[in-house]
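Structural overview
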Amino acid sequence: MATACPPLSLPSTSLLRGGRSARAAGPRRRQLSAVRCSAVGEAVAEEASVGTAEEPLLVSAIRGKKVERPPVWLMRQAGRYMKSYQLLCERYPKFRERSENVDLVVEISLQPWKVFKPDGVILFSDILTPLPGMNIPFDIVKGKGPVIYDPLRTAAAVNEVREFVPEEWVPYVGQALNLLREEVKNEAAVLGFVGAPFTLASYCVEGGSSKNFTMIKKLAFSEPMILHSLLQKFTTSMTNYIRYQADNGAQAVQIFDSWATELSPADFEEFSLPYLKQIVDSVKETHPNLPLILYASGSGGLLERLPLTGVDVVSLDWTVDMAEGRKRLGSNVAVQGNVDPGVLFGSKEFISKRIFDTVQKAGNVGHVLNLGHGIKVGTPEENVAHFFEVAKGIRY
């Protein structure tokens, strides 16, 4: 039987605890002489702590506490690569009928939990879910993606956008989060998520997905005050949404700023960074212990700026070397990631090798193992199972 992992030696680097109260001081990453692991398919004799009555493993790791292994979950772990999800889609073909029905949201969110037992169970939803509650009609069209029927490109259109009140517009989200907490207890962390202001604005100004982001940049560079007004509305609304998710059971919340990396560093500092910082600061006033994770794909050019938002965790994509990313981010923030999702199309030996390499470079404090992007459609389910099996077999 193949061994799950070879001995690894990790360099000693410092990483402070992710919690804001620990920013001034915290534990340094210990020198690791080796990572212990099981043989694939064998039970681990010394089982890692998967959570306590007080706190799941993932939350403990983010806070910089000593853990026996890196917690692991995967972006888009509930989705189209799973046969169980495909069968459900046959019965409920429209995305929004799946993502806006509490029973289906819970069922889909739990599909990977029941099969793989990840350390994070993320709510099945979409970053655009709040839009109708802000007076922005949208739909998700199969084969096309999100469609905003009336793009927001004028001051008059932006004036019609209202503040999002989650309790009124998405009660099923709160209900689903509570049910997920009841189901997984603290064996895993229940994760919520929101879209970042610039990314939401990009969808709403462009009218959907975009390759060139011509319309949002035209607005930013010709009538910036209109865009700033829209960004502020999203900032207030997403602050409300994060608080709502936390109040209903989310133990960490990930902020997706997928399109901010289309901005130059100078424009990021004007149109994204201040709004992200405002969200983090506002949420921490009311929920100081809620871990906040920031993910922005293709963020290599902006990496040093991401910790300035004040988030507890920066999620790296696969285009950044994990060791270099650690160094560039500094010691005051935890890290998530960052295996290339394409690796899951490789051999099991190759998948194992990339997992060990990532864990070695990340060190043994403040790391959440994940992909550098969501799971791709067509990913073999057995390879996802192997990813989790190997990851959960690692011991620091």
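The protein is annotated in an unreviewed UniProt entry as Uroporphyrinogen decarboxylase of Digitaria exilis. In its Sequence similarities (unreviewed entry) section, UniProt records this for the protein: "Belongs to the uroporphyrinogen decarboxylase family." We quote the UniProt Catalytic activity (unreviewed entry) comment for the protein here in full: "uroporphyrinogen III + 4 H(+) = coproporphyrinogen III + 4 CO2".

**Some words on the packing of aromatic side chains**
The tally for this structure, following the rule as stated, stands at nine aromatic pairs. Taking the centre distance of 5.6 Å and the plane angle of 85 degrees together, the rings of Phe193 and Phe256 count as edge-to-face. Taken together, the positions of Phe193 in strand β4 (residues 189–195) and Phe256 in strand β5 (residues 252–256) put the pair 63 residues apart, joining distant regions of the chain. Take Phe193 and Phe256: they sit in the same class, and that class is buried. Through a chain of ring-to-ring contacts, the aromatic side chains of Tyr85, Phe95 and Phe124 assemble into a single cluster. The ring of Phe138 carries the charged tip of Arg96 above its face, separated from the ring centre by 4.5 Å. Note that Lys117 overlies the ring of Trp113, its terminal NZ or CZ placed 4.7 Å from the centroid.

**Some details on the pattern of salt bridges**
The full count for this structure, using the stated rule, is 11 salt bridges. Here Lys348 and Glu382 are joined by a salt bridge, their closest N and O atoms 2.8 Å apart. Note that Lys348 is positioned in helix α14 (residues 348–362) and Glu382 in helix α15 (residues 381–393), a separation of 34 residues in sequence. Look at Glu382 and you get exposed, because its relative accessible area is 53%. Here the residues in one salt-bridge network are Glu55, Arg63 and Lys65, joined through shared partners.

**Let's talk about the pairing of strand β2 (residues 138–141)**
Here β2 runs beside strand β3 (residues 145–148); their pairing, made up of four bridges, is antiparallel. Counterpart to Val141 in the pairing with β3 is Gly145. As consecutive antiparallel partners, β2 and β3 are separated by three residues, and within that stretch Gly143 has a phi angle of approximately 85 degrees, a positive value.

Conventions used here
- Counting from 1, residues in each chain are numbered in the order their sequence is written.
- Since the coordinates come from a predicted model, pLDDT governs what is reported: local features require at least 70, and pairs of side-chain atoms require 80 or more to be given and counted, while whole-chain, interface and lining totals use all residues.
- As a rule here, side-chain values cover all heavy atoms of the structure and leave hydrogens and water aside.
- UniProt positions are given in the numbering used here, feature names are shortened, and annotations may be inferred rather than shown by experiment.
- Between rings of Phe, Tyr and Trp, where Trp is taken as its six-membered ring, a pair exists when centres lie within 6.5 Å; planes separated by under 30 degrees are stacked, by over 60 edge-to-face, and by other angles tilted.
- For the purposes of this entry, the term helix denotes a DSSP run of H or I that reaches at least four residues, the term strand denotes a run of E that reaches at least two, and both are numbered from the N terminus.
- Exposure categories follow from relative accessible area, calculated using a 1.4 Å probe and restricted to protein chains: below 20% of the type maximum is buried, above 50% is exposed, and the middle band is partly exposed.
- Think of it as a cone above the ring: NZ of Lys or CZ of Arg counts as a charge over the ring if it is within 6 Å of the ring centre and within 35 degrees of the ring normal.
- In what follows, salt bridge is the name for a side-chain nitrogen of Lys or Arg lying within 4 Å of a carboxyl oxygen of Asp or Glu.
- Here, any two strands with at least 2 DSSP bridges between them count as paired.

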